[in-house]
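Coordinates in review
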Amino acid sequence: MIKIDSTIRFSFMFPADRATAFTYYSDMRRIAQHLKYIELVESEPENAEKEFRLYYNTVELGSYHIHVFCDVCMDLDDDRHIIRLEPAESLPPIKTKVTISSTRARGFYKSEAKFIEAGEQTRVEYMLSLKARPPRPKGMRFMPRGMVDKIAQNITNHRVKEIAEAFIASSIDAFPEWLEATAVSSPILPS
């Protein structure tokens, strides 16, 4: 098994009031596009607005493909301005698969965003966690377990940091376009 286990906490300023920031980050399909190395791959039709499958995909050490599928349920706490993605197990199971240079398994993704008023801006306190225990690719079978775990931990910590940093930059960069499209789609009519 390869141990993938990393959690990161960070805070950033978002250029809008709390209600607008909360609304902007409340759409999983929009926000998933800002998650580097992670794609939104499917959701169940009956819970398409709450349950999602995320796909984490990287190539490590130049030749090992890591494929981790994480099912999440989105919880929006409108009163406290908190958005949570919690692990879910209601989507179809993921079949574990191992080859010489790849591994595929189910993992667990969790995040929480708290939106705090800060004048005309919003401070977002964010936590992101990614965990999985995929089998080692067969090409790594002769590497000592401790070495594999240490390398995997270093890589995972680096990847989770990259995901967080890219998410902040990309989602803030995309905000003006979303704001303009929102204003155009719901114009204020004169009285």
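This text goes with the structure placed above it.
Report follows, based on the coordinates.

Scoring rules and cut-offs
Residues numbered from 1 in each chain as written. Predicted model: local features only at pLDDT ≥ 70, side-chain atom pairs only at ≥ 80, totals over all residues. Heavy atoms only, no water. Helix = DSSP H or I, 4+ residues; strand = E, 2+ residues; numbered from the N terminus. Buried < 20%, exposed > 50% of the residue type's maximum accessible area, 1.4 Å probe, protein only. Contact = heavy atoms within 4.5 Å. Areas by Shrake-Rupley, 256 points an atom, 1.4 Å probe, with all protein chains shown as cover. Lys, Arg positive; Asp, Glu negative; His and termini not counted. Charge placed at Lys NZ, Arg CZ, Asp CG, Glu CD. Polar contact = N/O pair within 3.5 Å; in protein donor to acceptor, adjacent residues only side chain to side chain. Salt bridge = Lys/Arg side-chain N within 4 Å of Asp/Glu carboxyl O. Pairing = 2+ DSSP bridges. Core = buried A, V, L, I, M, F, W, Y, C linked by side-chain atoms within 4.5 Å. Phe/Tyr/Trp six-rings, centres within 6.5 Å; stacked < 30°, edge-to-face > 60°.

1. Side note on the overall build of the protein chain
Along the protein chain, the regular secondary structure elements total three helices and eight strands. Overall size of the protein chain, expressed as C-alpha extent along the three principal axes, is 75 × 35 × 25 Å. Expressed as a percentage of the 191 residues in the protein chain, the buried residues total 44%. Looking at the protein chain alone, contacts between residues at least 24 apart form 64% of all its contacts between residues at least 6 apart. As presented, the protein chain carries roughly 10400 Å² of accessible surface, and 53% of it is formed by carbon and sulfur atoms. Computing the positive centroid from 26 side-chain charges and the negative centroid from 27, the protein chain places the two 12 Å apart.

2. Comments concerning the side chain of Arg84
Note that Arg84 resides in strand S5 (residues 82-87). Of the residues examined, Arg84 reaches a relative accessible area of 15% and is grouped as buried. A distance of 2.9 Å separates polar atoms of two side chains, one belonging to Arg84 and the other to Glu112.

3. Structural notes on the pattern of salt bridges
Taken as a whole, this structure holds 15 salt bridges when the rule is applied. Its salt-bridge partner being Glu162, residue Lys36 comes within 3.2 Å of it at the nearest N-O pair. You can see Lys36 sitting in the loop between helix H2 (28-32) and strand S2 (38-42) and its partner Glu162 sitting in helix H3 (residues 145-185), a full 126 residues away along the chain. Here Lys161 and Glu165 are joined by a salt bridge, their closest N and O atoms 3.8 Å apart. Here Glu165 and Lys161 lie together in helix H3, a separation of four residues that amounts to about one turn. Classification of Lys161 by relative accessible area gives partly exposed; the value is 44%. Here the salt bridges share partners, and the residues they tie into one network are Lys36, Glu60, Arg159 and Glu162.

4. Some details on the environment of Ser101
By the secondary structure assignment, Ser101 is in the loop between strand S6 (97-98) and strand S7 (102-118). With relative accessibility at 30%, the residue Ser101 sits in the partly exposed group. A C-alpha to C-alpha distance of 29 Å links Ser101 and Ser90, two positions eleven residues apart in sequence. Leaving out residues up to four positions away in the same chain, Ser101 has contacts with Ser63, Tyr64, His65 and Pro137.

5. Some points on unusual backbone geometry
In the Ramachandran plot, Tyr37 falls in the positive-phi region, its phi being about 70° despite a non-glycine side chain. Classification of Tyr37 by relative accessible area gives partly exposed; the value is 24%.

6. Description of helix H1 (residues 18-25)
For H1, the complete set of buried residues consists of Thr20, Ala21, Phe22, Tyr24 and Tyr25. Capping of H1 at its N-terminal end is provided by Asp17; its side-chain oxygen lies 3.1 Å from the backbone amide nitrogen of Ala19.

7. Digging into the pairing of strand S8 (residues 121-132)
Relative to S8, strand S1 (residues 4-14) runs antiparallel, the two sharing eleven bridges. In the sheet register, Phe12 faces S8, and the bridge partner there is Val124. Pairing of S7 with S8 involves twelve bridges; the strand directions are antiparallel. Across the sheet, the residue bridging to Glu117 is Thr122, located in S8. If you look at the hairpin formed by S7 and S8, you'll find two residues sitting between the two strands, and Gly119 has a positive phi there, around 70°.

8. Focus: the nonpolar core
Ranked by size, the top nonpolar core spans 45 residues in total, and within it Phe14, Tyr25, Tyr109 and Phe115 carry the most contacts. For this core, the leading source of residues is H3, giving nine residues. If we ignore the near neighbours within four places in the chain, the residues touching Phe14 are Ala21, Tyr24, Tyr25, Gln121, Thr122, Val124, Ser171, Ile172 and Phe175.

9. Some thoughts on the packing of aromatic side chains
For the structure shown, the criterion picks out 15 aromatic pairs. Ring geometry for Tyr24 against Phe175: centres 5.2 Å apart, planes inclined by 80°, an arrangement best described as edge-to-face. Of this pair, Tyr24 sits in helix H1 while Phe175 sits in helix H3; the two residues are 151 residues apart in sequence, bridging distant segments of the chain. For the pair Tyr24 and Phe175, a shared accessibility class is recorded, and that class is buried. Taken together, the ring pairs in this structure connect Phe10, Phe12, Phe14, Phe22, Tyr24, Tyr25, Phe115, Tyr126, Phe167, Phe175 and Trp178 into an aromatic cluster.

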